[in-house]
Amino acid sequence: MFEANEALFRRISSGLCAITLALGLSACGASVAPGPDSGTDRDTGVGSDVAADRVVLPPPIDAGGECRASMVRTVLAPTVLFAGQPLGLTVNAPGLGCGCALELRPNGLSSARGFDPQLCNCCRDCECVDESYTASVLLGSPRSGQSDLAVTGSERRRVFVLDSPRQCEAVSVRVRDVLVQAPEGRTTGPRLHWAIVSGTHRICCDGGVGFVDSMQRNTITLEPQSCETVGCAMACPPIAQRPERPFTSAHLLGELPNGEYRLSVGGTTVTFTVAP
């Protein structure tokens, strides 16, 4: 009986794939990423804002589905958050099957919020390879202090949560590039979108860059803040005497309704479109 049911399932899956291909649809996902541009205004795509206290954990694994460990291509998480800002995590993985869903399974690490990336419910009879996978989780608004995120197959991310931007300073931050990152390929979980900002700042000991964010209609403004995250044993020299150090920081834009948007970060403006 089990073999007969399995054979019937395979015939149905093959028929669905054939119908999908005949209609000209892709069962293997599609990448959406901004293109390079030498100017300060660029067009790309993202996607609906998120409440700071919203928690969206990975979907439950179907007990009848098959899962296997997935490779990790990129991990997006913030470096510095201010009290009340939401903590998100986005993982992208290369295509390794057809019609698969990338899921982030909590692994119960005691030292961090740990996740195992798993490819689940792949189509066994479909002859295609997905371009890529994206999975995201929302983890609410963490308390002040530090929070570690550990994704198996990638370096651990440490997120510093500060009570107020008044603990930081903005005059030394120089923004050089702003990129809006949309989900790519087949997506599971909330469709989180990010601003990836790079440039230089002048820190005394060790620190990162966070952002005070505001939104009016379809205009988003991020004010970069250079924050010391490790206490200095000695007095710090004046800001002008400190060397410039490079930084790259990700800031969660959340999920945005369809429309045209303008994102401004430290004098650099990016325009982008959110489409169905």
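Residues numbered from 1 in each chain as written. Predicted model: local features only at pLDDT ≥ 70, side-chain atom pairs only at ≥ 80, totals over all residues. Heavy atoms only, no water.

> How do you make sense of the state of the cysteines when you look at a structure like this?
A covalent bond bridging the sulfur atoms of two cysteines is what the word disulfide describes. Under the criterion given, the structure shown has 7 disulfides. A sulfur-sulfur separation of 2.0 Å characterises the disulfide bridge that pairs Cys-204 with Cys-236. Note on the Cys-204 and Cys-236 pair: the S-S dihedral is about -100°, so by sign convention the disulfide is left-handed. Residue Cys-204 is found in the loop between strand 13 (193–201) and strand 14 (206–216), and its partner Cys-236 is found in the loop between strand 15 (219–230) and strand 16 (245–254); the two are separated by 32 residues along the sequence. (Disulfide = S-S within 2.5 Å. Helix = DSSP H or I, 4+ residues; strand = E, 2+ residues; numbered from the N terminus.)

> Can you walk me through the packing of aromatic side chains in this structure?
Each aromatic ring pair is summarised here by two numbers: the centre-to-centre distance and the angle between the ring planes. In this structure the tally under the stated criterion is 1 aromatic pair. Between Tyr-261 and Phe-272, the ring centres sit 5.3 Å apart and the planes meet at 5°, which makes this aromatic pair stacked. Here Tyr-261, found in strand 17 (residues 259–265), pairs with Phe-272, found in strand 18 (residues 268–274); they are 11 residues apart in sequence, far enough to count as distant. As far as the burial class goes, Tyr-261 and Phe-272 line up, both buried. (Phe/Tyr/Trp six-rings, centres within 6.5 Å; stacked < 30°, edge-to-face > 60°. Buried < 20%, exposed > 50% of the residue type's maximum accessible area, 1.4 Å probe, protein only.)

> Honestly, the nonpolar core in this entry has me stumped. Any pointers?
When a protein is soluble and globular, its nonpolar side chains tend to lie buried together. Grouped together as the largest cluster of nonpolar side chains are 21 residues, with contacts concentrated most on Leu-89, Val-91, Leu-102, Leu-104 and Leu-149. At the level of secondary structure, the elements contributing two or more residues to this core comprise strand 5 (88–94), strand 6 (101–106), strand 7 (113–120), strand 8 (132–139), strand 9 (145–151) and strand 10 (157–162). When residues of this core are assigned to their parent elements, the largest contribution, 4 residues, is made by strand 8. With sequence-adjacent residues up to four places away left out, Leu-102 is seen in contact with Ser-70, Val-91, Ala-93, Pro-117, Gln-118, Leu-119, Tyr-133, Thr-134, Ala-135 and Thr-188. (Core = buried A, V, L, I, M, F, W, Y, C linked by side-chain atoms within 4.5 Å. Contact = heavy atoms within 4.5 Å.)

> Could you clarify how one ought to interpret the sheet that holds strand 18 in this entry?
Sheets are built from strands paired through backbone hydrogen bonds, the pairs being either parallel or antiparallel. Spatial strand order, 14-15-17-18: 4 strands in an open sheet with mixed pairing. Each having just a single partner strand, strand 14 and strand 18 make up the two edges of the open sheet. Strand-to-strand twist in this sheet, taken as the mean axis angle between neighbours without regard to direction, amounts to 25°. As paired strands, strand 17 and strand 18 are joined by 7 bridges and run antiparallel to one another. Directly across from Glu-260, in strand 18, lies its bridge partner Thr-273. (Pairing = 2+ DSSP bridges. Axes fitted to C-alpha atoms, helices over the stretch in contact; angles between N-to-C directions.)

> Looking at this structure, how should I read the sheet that holds strand 16?
Strand order across the open sheet formed by 3 strands is 11-13-16, with antiparallel pairing between neighbours. Where the open sheet ends on each side, the last strands, each with one partner, are strand 11 (174–181) and strand 16. Going from strand to strand, the sheet's axes swing by 20° on average, the running direction of each strand aside. Pairing geometry for strand 13 and strand 16, over 9 bridges, is antiparallel. Bridge pairing links Gly-199 to Phe-247 in strand 16.

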